[in-house]
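The lines below spell out each chain.
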Amino acid sequence: MSVVIFLFAFASARNGARLVKASHVKFIGENNLFITNQNVSKLLIQNYGNLKNVPKEILDLNQLENALKSNPMIKSAEVYLAIDGTLYAEVAQKNPIARVSANASYYVDDEGHYMPLSDNYSARVPLITGYVDRNNLEDVYTVANKIRQDEFLKKNVIEIQKDENHHIFLKLRHCSFTVNLGKTTFLDKKINNLKAFYQKNLHDKTLNNYTRVNLQFDNQVVCTKI
């Protein structure tokens, strides 16, 4: 038994003394890189310098993971060492669903959180304008997430506007009118009313006869003509 323990301890010591041979970054999910391989490598290097030839025993993998997660473009990260000494970092980026262009410019991600713009890639998502507070994105996120999940809205909505009274307005592609959703309550019913209005007037070729479509009232679509 003592021989087995000695051999195990000896092997563990030798393994811990081995050096990191190389590092490899793998992105999980979306192919559009808002953050690059070089950006991730730089975050890792900030903690240990050049990771190559660092003894495996001194690496704190949790520290490296936390360093990656501190980047506001990264949703999750996992760092691990392979038997051959290669350090792997698997990174999932945040997924933007709308872009705020108000007192500041940034994305809203698919969990309703802030995400900075990227110098590497620009997402084609609806614009959010008006009175938007980075610390209170709940209502604009609710609408943006509904747009992301609905094929009609995804195809047609190009802008979400929010006024000082927290009322939400939509601008549609190729339409001159503004859609007044009001508050985000009963959102599904309002969107169904919008779809019915749109399809009927598309068929009648009268979509451009209106300046405003008001969906605030229960079971009603109130329109203002040109």
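Since the structure is predicted, the reported quantities are computational estimates derived from the model, not experimental observations. One numbering rule holds for all chains: residues counted from 1, following each sequence as written. In keeping with the model being predicted, local features are shown solely for residues with a pLDDT of at least 70 and side-chain atom pairs are shown and tallied solely at 80 or more, while totals for entire chains, interfaces and linings include all residues. The basis for every side-chain value is the complete set of heavy atoms in the structure, and neither hydrogens nor water enter the calculation.

(A) Seen up close, the side chain of Asp163. The secondary structure listing takes helices from DSSP runs of H or I that are at least 4 residues long and strands from runs of E that are at least 2 residues long, numbered from the N terminus. Counting through the fold element by element, Asp163 comes out in the loop between strand 8 (157-162) and strand 9 (168-172). Any residue under 20% of the maximum accessible area for its type is buried, any over 50% is exposed, and the rest in between are partly exposed; the area is computed with a 1.4 Å probe on protein chains only. We treat Lys and Arg as the positive residues and Asp and Glu as the negative residues; His and chain ends play no part in the count. Salt bridges are counted wherever a side-chain nitrogen of Lys or Arg sits within 4 Å of a carboxyl oxygen of Asp or Glu. Nearest to the buried, unbridged Asp163 among oppositely charged side chains is Arg212, at 7.4 Å. Here a polar contact means two N or O atoms within 3.5 Å. Within protein one must be a hydrogen donor candidate and the other an acceptor candidate, and residues neighboring in sequence count only if both atoms are side-chain atoms. Polar contacts involving the side chain of Asp163 include one to the main-chain amide nitrogen of His167, which spans 2.9 Å. Beyond its immediate sequence surroundings of up to four residues, Asp163 is in contact with Tyr131 and Phe169. Residue contacts follow a heavy-atom distance rule, with two residues in contact if any of their heavy atoms lie within 4.5 Å.

(B) Inspection of the confidence of the model for the protein at higher detail. pLDDT: the predictor's confidence for each residue, scored from 0 to 100. Mean pLDDT over the protein: 86, with 88% of residues reaching 70 or higher. Of the regions scoring below 50 in pLDDT, residues 1-16 engages in four contacts with residues more than four places distant in sequence or in other chains.

(C) A look at the sheet that holds strand 9. With respect to topology, nine strands assemble into an open sheet ordered 6-5-4-7-8-9-10-11-12, the strand pairing being mixed. Each edge of the open sheet is held by one strand with a lone partner, namely strand 6 (114-115) and strand 12 (222-225). Relative to strand 12, strand 11 (residues 210-214) runs antiparallel, the two being bridged by four bridges. For Tyr210, the partnering residue across the bridge sits in strand 12 and is Lys225. Each of strand 4 (96-101), strand 5 (105-109), strand 7 (127-130), strand 8, strand 9 and strand 10 (178-182) is contacted by helix 4 (residues 138-149), which is oriented at about 165 degrees to strand 8, the strand it contacts most. Note on geometry: axes are C-alpha line fits, over the in-contact stretch for helices, and angles between N-to-C directions span 0 to 180 degrees. Sheet strands in contact with helix 6 (residues 187-204) are strand 9, strand 10, strand 11 and strand 12, and its direction is about 160 degrees off that of strand 10. Two strands qualify as a pair provided that DSSP identifies no fewer than 2 bridges between them.

(D) Looking closely at unusual backbone geometry. Positioned with a positive phi, His166 is a non-glycine residue whose angle comes to about 70 degrees. Relative to the helices and strands, His166 is located in the loop between strand 8 and strand 9. According to the relative accessible area criterion, His166 is partly exposed, its value standing at 42%. Even without glycine at this site, Lys205 takes up a positive phi of about 60 degrees. Classification of Lys205 as exposed rests on a relative accessible area of 76%.

(E) Inspection of the environment of Gly112 at higher detail. Structurally, Gly112 can be placed in the loop between strand 5 and strand 6. On a C-alpha basis, the gap between Gly112 and Asn145 in space is 8.4 Å, while along the polypeptide they are 33 residues apart. Not counting residues within four places of it along the chain, the set of residues in contact with Gly112 comprises Leu137 and Tyr141.

(F) The arrangement of the environment of His24 in detail. As for its placement among the helices and strands, His24 is situated in strand 1 (residues 22-28). Sequence separation of His24 and Leu87 is 63 residues, and the distance between their C-alpha atoms is 6.2 Å. With residues up to four places along the chain from it excluded, the contact list for His24 reads Thr86, Leu87, Tyr88 and Ala89.

(G) Examining the nonpolar core more closely. Residue types Ala, Val, Leu, Ile, Met, Phe, Trp, Tyr and Cys, when buried and joined through side-chain atoms within 4.5 Å, form a set referred to as a nonpolar core. Formed by 33 residues in total, the largest nonpolar core has its most connected members in Ile128, Ile160, Leu170, Phe177, Val179 and Leu181. In this structure, Ile128 is in contact with Ala98, Arg99, Val100, Ser101, Val108, Val140 and Ile160, ignoring residues within four places of it in sequence. Among the nonpolar cores identified, the runner-up in size contains 22 residues, and Val25, Leu43, Val54 and Ile74 belong to it.

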